[in-house]
Amino acid sequence: MYARAGEYTRAVVDLYEYQGKELFRRYGIPVSEGRLATTPEQARAAATELGGPVVVKAQVLTGGRGKAGGIKLAASPEEAEARAREILGLDIRGHVVRRLWIERASEIAKEYYLSIAFDRGEKKPLLMLTTEGGVDIEEVAETKPEALSRLHVDVLEGFQPYQGRRLVYGAGIEDVSEQKQVLAILGKLYEAFVGCDAMLCEINPLIVTPEGEVKALDSKFTVDDNSLYKHPEIAEMRDLSAADPQEALARERGVTYVKLDGEVGILGNGAGLVMSTLDVIALAGGRPANFCDLGGGGDAEGVVSALEVITGDPQVRSIFFNIFGGITRCDEVARGILAALERMPIDHPIVVRLDGTNAEEGRRILAEAAPENLHVEPTMLEAARKAVALAA
Ligand code: GDP
Ligand code: MN
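About the cut-offs
Residues numbered from 1 in each chain as written. Chains lettered and ligands numbered in written order. Predicted model: local features only at pLDDT ≥ 70, side-chain atom pairs only at ≥ 80, totals over all residues. Heavy atoms only, no water. Pairing = 2+ DSSP bridges. Helix = DSSP H or I, 4+ residues; strand = E, 2+ residues; numbered from the N terminus. Axes fitted to C-alpha atoms, helices over the stretch in contact; angles between N-to-C directions. Contact = heavy atoms within 4.5 Å. Donors = N, O, S within 2.8 Å, 3.2 Å for Na, K, Ca; no water. Buried < 20%, exposed > 50% of the residue type's maximum accessible area, 1.4 Å probe, protein only. Salt bridge = Lys/Arg side-chain N within 4 Å of Asp/Glu carboxyl O. Domains from an automatic or database assignment. Right-handed = clockwise from strand over helix to strand, strands pointing away. Near = heavy atom within 4 Å. Polar contact = N/O pair within 3.5 Å; in protein donor to acceptor, adjacent residues only side chain to side chain. Areas by Shrake-Rupley, 256 points an atom, 1.4 Å probe, with all protein chains shown as cover. Nonpolar A, V, L, I, M, F, W, Y, C, P; charged D, E, K, R; others polar. Disulfide = S-S within 2.5 Å. Patch = residues over 30% accessible without salt bridge, like charges linked within 9 Å, V, L, I, M, F, W, Y side chains within 5 Å. Lys, Arg positive; Asp, Glu negative; His and termini not counted. Charge placed at Lys NZ, Arg CZ, Asp CG, Glu CD.

Undergrad: Quick one: what's the story with the sheet that holds strand S18 (residues 350-356), residue by residue and with numbers?
TA: If you trace the six strands from one edge of the open sheet to the other, you get S14-S16-S15-S17-S18-S19, paired in mixed fashion. Lying at the two open borders of the sheet, with one neighbouring strand each, are strand S14 (256-259) and strand S19 (374-377). Neighbour-to-neighbour, the strand axes of this sheet turn through a mean angle of 20 degrees, independent of strand direction. Taken together, the five bridges between strand S15 (residues 264-268) and strand S17 (residues 318-325) define a ladder with parallel strand orientation. Paired with Gly268 across the two strands is Asn322, which belongs to S17. Running at roughly 155 degrees to S18, helix H13 (residues 359-369) makes contact with S18 and S19 of the sheet.

Undergrad: I'd like to hear about the coordination of the manganese ion (ligand 2), residue by residue, with values.
TA: For the manganese ion (ligand 2), every protein donor is listed as Asn204 (O) and Asp218 (OD), and the spread of their distances is 2.1 to 2.2 Å. You can see Asn204 sitting in strand S11 (residues 198-208) and its partner Asp218 sitting in the loop between strand S12 (214-216) and strand S13 (220-224), a full 14 residues away along the chain. Taken as a pair, Asn204 and Asp218 share a single burial class, namely buried.

Undergrad: Got a sec to walk through the pattern of salt bridges? Specific residues and values, please.
TA: The final tally for this structure, using the stated rule, is 31 salt bridges. For the salt bridge of Arg26 with Glu233, the shortest nitrogen-to-oxygen distance reads 4.0 Å. Taken together, the residues Arg26 in helix H2 (residues 17-26) and Glu233 in helix H8 (residues 232-237) connect sequence positions 207 residues apart. For Arg26, a relative accessible area of 45% puts it in the partly exposed group.

Undergrad: Residues and numbers for the domain arrangement of the protein chain, please.
TA: The domain boundaries assigned to the protein chain delineate domain 1 (12-30 + 107-235), domain 2 (34-104) and domain 3 (245-391). Of note, the centres of domain 2 and domain 3, computed from C-alpha atoms alone, are 45 Å apart.

Undergrad: Before we move on, can you summarise the pairing of S18 with the specific residues and values?
TA: Of all seven residues in S18, five are buried, a share of seventy percent or more. Pairing of S17 with S18 involves seven bridges; the strand directions are parallel. Paired with Ile323 across the strands is Leu354, a residue of S18. Handedness of the crossover joining S17 and S18 through helix H12 (residues 330-343): right-handed. With four bridges connecting them, S18 and S19 associate as parallel partners. Following the sheet pairing, Arg353 is matched in S19 by Glu377.

Undergrad: Any chance you could break down the environment of Gly52 for me, citing the residues and the numbers?
TA: Mapped onto the secondary structure, Gly52 falls in the loop between helix H3 (40-50) and strand S3 (54-59). Between the C-alpha atom of Gly52 and that of Ala74, which follows or precedes it by 22 residues, the distance is 8.9 Å.

Undergrad: Hey, could you go over the site of ligand 1 for me, with residue numbers and the actual values?
TA: Not every one of the 16 residues close to ligand 1 is listed here, only the nearest: Lys57, Arg65, Gly66, Ser106 and Glu111. One of the backbone N or O atoms of Gly64 is found 3.4 Å from an oxygen atom in ligand 1. Contact distances for ligand 1 include 2.8 Å between an oxygen atom and a backbone N or O atom of Gly66. Burial of ligand 1 by the protein chains amounts to 79% of its free accessible area of 560 Å². Residue assignment for the shell around ligand 1 shows that the elements contributing at least two residues are S3, strand S4 (71-74) and S11. Here the shell around ligand 1 is composed, by residue class, of seven nonpolar, five polar and four charged. Formed jointly, the shell around ligand 1 draws a minimum of three residues from each of two domains, domain 1 (12-30 + 107-235) and domain 2 (34-104).

Undergrad: Outline the state of the cysteines, supporting the account with residue identities and numerical values.
TA: Taken as a whole and judged by the stated rule, the model has zero disulfides. No disulfide involves Cys201; its nearest neighbouring cysteine sulfur is the one of Cys196, lying 6.8 Å away. In this model Cys292 remains outside any disulfide bridge; the closest cysteine sulfur is found in Cys330, 19 Å from its own. Here Cys292 falls in the buried class, since its relative accessible area comes to 0%.

Undergrad: Can you explain a negative patch on the surface? Please cite residues and give values.
TA: Residues Asp136, Glu138, Glu139 and Glu142 make up a contiguous surface patch of negative charge. Look at Glu139 and you get partly exposed, because its relative accessible area is 47%.

Shown next, in the form of structure tokens:
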């Protein structure tokens with residue numbers, strides 16, 4: 001139940017398969033040649049250019065596309081066009097397909113799995129390799145844990161060749177040529193992971209063709225968004241239209257906002273206070289719908305932006321303002337709230353808890369001028385109970 005700030009504020013950018021593969025290509029990891037298409041006609045043209053059989057792949061920010069019918073082989077440009085017509089517009093677990101990756105089809109002899117994920121518990125990148133690829137890795141971890149070769153890398157030492165050999169032998173890859181290729185790919189994937197400030201680089205499946213060539217057939221690439229200032233070309237890859245509309249609005253307004261799935265919208269000042277507020281809402285028997293962190297400020301401008309974002313979420317039934325006045329004084333925040341409500345009237349019940357510097361004056365200001373749907377409560381717990389009751 002207790003919220004950890006890092007878990008909510010963890011912000012990453014998920015890249016599409018074709019973007020991850022573009023990064024793979026830059027780091028020298030073998031991938032198939034392909035083209036992006038957004039219409040069936042473009043898919044046909046891409047297949048003509050590539051020549052031979054192709055695979056038409058839905059580009060959505062979710063896995064399991066194959067099972068959902070989002071990945072189809074096509075023997076000719078005509079077939080590629082037909083498959084593209086079927087896949088475009090498909091809803092894959094809530095993600096509508098708007099882009100396709102048309103790739104030269106590969107023949108598959110074996111499917112392996114390779115990933116590097118940042119392990120927060122160990123504070124180290126975790127490398128995983130198994131010859132049981134192509135399927136859900138969680139399933140392998142559960143049913144056949146001995147098949148999964150795992151190893152942490154010390155970030156200061158970096159990835160060492162002996163670690164690669166340990167992984168490859170541990171996974172039971174016996175063919176010498178395969179061993180060499182996987183070792184080379186491991187080193188390059190680690191370079192890509194560090195070079196791009198990734199949180200996850202996953203290749204599932206990493207295939208072996210009948211000719212014995214090892215290459216990445218899929219890509220799941222996730223980048224830490226705090227590092228985007230260093231990587232303008234990755235920042236540009238981010239698809240803002242695929243994001244939650246509230247999150248997009250929040251980003252535009254410069255509001256820290258996180259979507260959750262309960263009923264109480266939360267607005268607080270400071271990450272620590274906001275995290276405690278989530279817990280107190282849970283303690284009162286409710287569930288947070290989302291939260292906004294006003295940071296140090298409480299001026300009308302900031303409050304309006306946060307309210308706009310919070311109330312745009314249709315799941316919100318009540319709003320809990322939890323403010324602790326430190327440097328920002330409660331009377332200023334109270335005036336900010338009133339000014340904001342004047343500019344942007346709200347129908348939802350609002351519960352305000354004000355404490356800290358000039359709390360009494362802040363509460364008095366609200367009590368005198370607040371609209372009927374605004375309730376002022378003296379403590380955090382009472383306010384949480386009220387907000388939960390009003391959301392029912
Ligand atoms: P995911 O389902 O979202 O993980 O998408 P993948 O890119 O991993 O593709 C799913 C499956 O489709 C793979 O595991 C392969 O079995 C199959 N597949 C993808 N590309 C090709 C290809 O070029 N040739 C063949 N024969 N199968 C492919
Ligand atoms: Mn896959």
